[in-house]
Amino acid sequence: ADVRVIHASDDFAVDASPISGDSVPIARQAHGEDASSPGGLSFRRSRNSVFCSAKCVSGEATGVVVATGAQTVLAQMIREKRWPPRMTPQAECGES
């Protein structure tokens with residue numbers, strides 16, 4: 001399920017590599033613009049969204065499910081043939 005975070009500890013972070021291709025955990029927080037809101041930020045930049053296939057690596061959070069199954073960002077990426085993410089050579093080597 002895709003989740004909008006409504007409360008999170010200061011150290012809440014997720015491994016979103018299956019969607020984003022990022023090689024390091026991504027900090028998430030309860031405030032911020034939801035990626036699914038009109039004119040919202042892209043899912044890679046949204047700080048209050050956690051997407052299907054991401055896993056918590058530190059901290060804890062409470063959220064509201066905003067999409068399941070075929071409506072998730074991951075399912076959309078698969079339909080649009082944008083998954084799996086392509087990693088840059090720098091990301092593959094652990095460089096930024």
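Notes on the structure in this doc start here. Per chain, residue numbering runs from 1 following the sequence as it is written. pLDDT decides what is reported in this predicted model: residues at 70 or higher carry local features, side-chain atom pairs at 80 or more are listed and counted, and totals for whole chains, interfaces and linings draw on all residues regardless. Computation of side-chain values covers all heavy atoms of the structure but excludes hydrogens and water.

**Quick notes on the overall build of the protein chain**
For step 1, the next point in the chain: Helical segments are the DSSP runs of H or I of at least four residues, strand segments are the runs of E of at least two, and each set is numbered from the N terminus. Looking only at helices and strands, one finds 3 helices and 6 strands in the protein chain.
For step 2, the next point in the chain: Its helices and strands in sequence order give the protein chain the pattern β-β-α-β-β-β-β-α-α, from N to C terminus.
For step 3, the next point in the chain: Throughout, exposure labels follow a simple rule: accessible area from a 1.4 Å probe, protein chains only, divided by the maximum for the residue type, with under 20% read as buried, over 50% as exposed, and the rest as partly exposed. Taken over 96 residues, the protein chain has a buried fraction of 28%.
For step 4, the next point in the chain: Method for areas: the Shrake-Rupley scheme with a 1.4 Å probe, in which residue coverage is limited to the protein chains shown. Surface accessibility of the protein chain: about 6,100 Å² in total, with carbon and sulfur atoms responsible for 52%.

**Structural notes on the side chain of R28**
For step 1, the next point in the chain: Mapping R28 onto the fold places it in the loop between β3 (26–27) and β4 (49–50).
For step 2, the next point in the chain: From its side chain, R28 meets the backbone oxygen of S49 in a polar contact 2.9 Å long. Under this definition, polar contacts are N or O atom pairs within 3.5 Å; protein pairs additionally need one hydrogen-donor-capable and one acceptor-capable atom, and for neighbouring residues in sequence, both atoms have to be side-chain atoms.

**So, the pairing of strand β1 (residues 2–8)**
For step 1, the next point in the chain: In terms of strand pairing, β1 meets strand β6 (residues 61–67) through 6 bridges, oriented antiparallel. Within the sheet, the bridge partner assigned to H7 lies in β6 and is T62.
For step 2, the next point in the chain: Two strands are counted as paired when DSSP detects at least two bridges linking them. Inspection of the sheet shows β1 paired to β4 by 2 bridges, in the antiparallel sense. By the bridge assignment for β4, R4 is matched with S49.

These results come straight from atomic positions and should not be treated as a statement about function.
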